[in-house]
Structures are given as C-alpha cells and as structure tokens.
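A closer look at the structure
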Amino acid sequence: MERIVTIGEAERMVKEYSYEENDEALYELVEEILSQEKVVGSIDDFHNLAVDFSRRDDYETACNILEKGLEQFPRAVDLLADYLQNGLNCDRGKLCEEYFDRLMKIPMMRWTWRGFSFGIDYMKSLADNIETEEELMEWKKKMLNLADSYYKYFSYNEDTFLVKADVYQYFNDREKEIEILEEALEKIKSCPRCSLRLADIFFDRGEYKQALEYIEKCKYGAVQTQEKINQGYVYYLSGLCKAANVHQSSSYENEEMIKDIYTDFSIAERLKMSFSSYKKVMERQIYILESKSGILFDSVIN
C-alpha cells in the first residue's frame, strides 16, 4: 500500500523546493497530494500550504488546496476566510459567495481574526459593483457592523481599528478614519501601524509637526518581538517631516536639527530603504540641506 503524504509533510517539502527554485518538483508534489484518495492534514496545515502558493501569486493552486481542506473541515473559519482572499484573485466568485454565506452562519464567537478581516475585504469587493448611493450606504452599515463585532471579540488587537478605518477610507470618510485610528492610540499602548497610518495622513496634508508626533509614537510602539511595520520607512518619513520643518522655518543654521535629519536618513538606508524612489528623495533632501546649511552628510554620518 502506497504511503499517504500528509499536507504537513507537503508544506515542509514545498519550502525546500521553493528554496531550491525547483518549480517542477514543487508542482508535481502538489498534484500528487491533491489527487490522493485521502488527503490528510490539520486546518493549520491546509492554511500554511495555501499561503505558500498565495505568496507566489498562484491563487489557483492556493484555492485548490483550500477546497480540499474545506472538504475535511467545512466550517473552518480560517480556511473559509483564506478562500475569500484567494478566490477573488482567480475568478472563483461563485464559490466565494457560497463560502461567505457559510462563514456568516458560523457563530462569531468562533471566528478568528482572519474571518473578520478577510470577510470585510470580500465585502469591499462586492461593494465595488454597487451603483446606487442608497445601496452603498446600506452596505457600509453592514461592513461597520462586522467591524464592530471584530472589536467585540478582539478588543486589544490593533487590527480591529485598522480594519474599521479601512471601511471609512473605502467610503471616503477620512475624518472618521482619523477618529478611529486616534481611538486606537487611546485604548492600546502599543499600536505602531495605527500611528504610522496617522503619520502618513498628516504628512500628505502638509501637517508635518503633527505627523512627526505620530512617528515618534510609532517608533516606541515598534519595539515588539515581531516586526509589524517597515521601520526603515518610519525613519524615512521621520527625516522628511524634520526636513520639511527646517525648510518651513528656514532653520538651516540649526546644526542639531540638520544632523538629526541625516541620522534618520542613514538609519532608513541601513534598514533597506535604499530602493530607487526613496533613495532619490533622500539624496535630493540631503543635497538641499548641505547647500543651505553648509553641513555635509559625510561629516556627520561615518
């Protein structure tokens, strides 16, 4: 009797084949696994294997894996949510609709964060096809109700505020978006993603001092065991805010401020913010500040 290869084993092998860039062996393995008479694995195994392929932008294969998982675990919230996220990218609208209906029938006390977050993303995709303002307002209400349920069960999770802010952003309600993000900062001591999003909003408005306040909160909140934000971008934006303040006040003689900007840009570059568009912006600002202040970047940063 031929031994069954489990989904967990397959996931480990897929990682090895990906590392070796052996796509032929990788897809032969997946075809073999999915064609087995019995497919064995846990919910987490199916989720992890599907994620391996969604990260490759291969949503078709991810969905095929998830369908097998849902045959075994038809009410697994994570697998249903994963399918909504992947199915939208490979024209599987009918099955997405079926799985979303199934998800909504599961008591929300059993939902994971993916159910709420990916469920609202799916609702946004449906709202894209709504034409009347009246229907859109009704859909907005449904999405906000789901976001409120997310907060009810995960009240200390920063993502609950971000998801609700996304809903307001989707409907161009920017003031409510800001209000929700600021509420997060009041209720959660460490929420770097909300802080960074607020910094981006106020930077785009040209309110650089306010943006910088949020960036400083972001730097504090980013000290966590798992990185949730691009810290290189944080220091890049920090340097830009400080540079804007120097330009606004013509404080080119302030050596401490100039050196502080150079330090931020240096940290950003060392944290891999060196791809062309960001690097060019930093190089331009450094050139302007060197010309205006007489303080050379290389004299400050070794």
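Before reading on, note that the structure itself is shown above.
Okay, so let's go over this structure.

Reading the values: rules and limits
Residues numbered from 1 in each chain as written. Predicted model: local features only at pLDDT ≥ 70, side-chain atom pairs only at ≥ 80, totals over all residues. Heavy atoms only, no water. Helix = DSSP H or I, 4+ residues; strand = E, 2+ residues; numbered from the N terminus. Expected span 1.5 Å × (residues − 1). Buried < 20%, exposed > 50% of the residue type's maximum accessible area, 1.4 Å probe, protein only. Arc of directions from axis to C-beta. Contact = heavy atoms within 4.5 Å. Phe/Tyr/Trp six-rings, centres within 6.5 Å; stacked < 30°, edge-to-face > 60°. Polar contact = N/O pair within 3.5 Å; in protein donor to acceptor, adjacent residues only side chain to side chain. Core = buried A, V, L, I, M, F, W, Y, C linked by side-chain atoms within 4.5 Å.

Description of helix α2 (residues 23-35)
Over its 13 residues, α2 runs 18 Å from end to end, which matches the ideal 18 Å to within 8%, given 1.5 Å per residue. Taken residue by residue, α2 has Ala25, Leu26, Leu29, Val30, Ile33 and Leu34 as its buried positions. Seen from one end, α2 has its buried residues packed into an arc of 160 degrees, which puts them on one side. Along α2, the residues that are exposed and aim more than 90 degrees away from the buried face are Glu24, Glu31 and Ser35. Check the buried side of α2 and you find it contacts α1 (7-20), α3 (43-54) and α4 (59-72).

Observations regarding the packing of aromatic side chains
Geometrically, a pair of aromatic rings is defined through the distance of the ring centres and the angle of the planes. Per the stated rule, a full pass over the model turns up 18 aromatic pairs. Relative to Tyr122, the ring of Phe100 lies with its centre 4.9 Å away and its plane at 50 degrees, an arrangement referred to as tilted. Of this pair, Phe100 sits in helix α6 (residues 93-104) while Tyr122 sits in helix α7 (residues 113-127), and the two are 22 residues apart along the sequence. The exposure classification of Phe100 matches that of Tyr122, with both residues buried.

A word on helix α14 (residues 255-270)
Taking 1.5 Å of rise per residue, the 16 residues of α14 would be expected to cover 22 Å, and the 22 Å separating its terminal C-alpha atoms lies within 8% of that figure. Where α14 is concerned, the buried positions are Ile258, Ile261, Tyr262, Asp264, Phe265, Ser266 and Ala268. A distance of 3.3 Å separates the backbone nitrogen of Glu256 from a side-chain oxygen at the start of α14, and that oxygen is part of Asn254.

Looking at the nonpolar core
Counting residues in each nonpolar core, the largest one holds 92 residues, and the members touching the most others are Phe53, Cys194, Tyr262 and Leu289. Counting residues per element, this core draws most heavily on helix α13 (residues 231-249), at nine residues.

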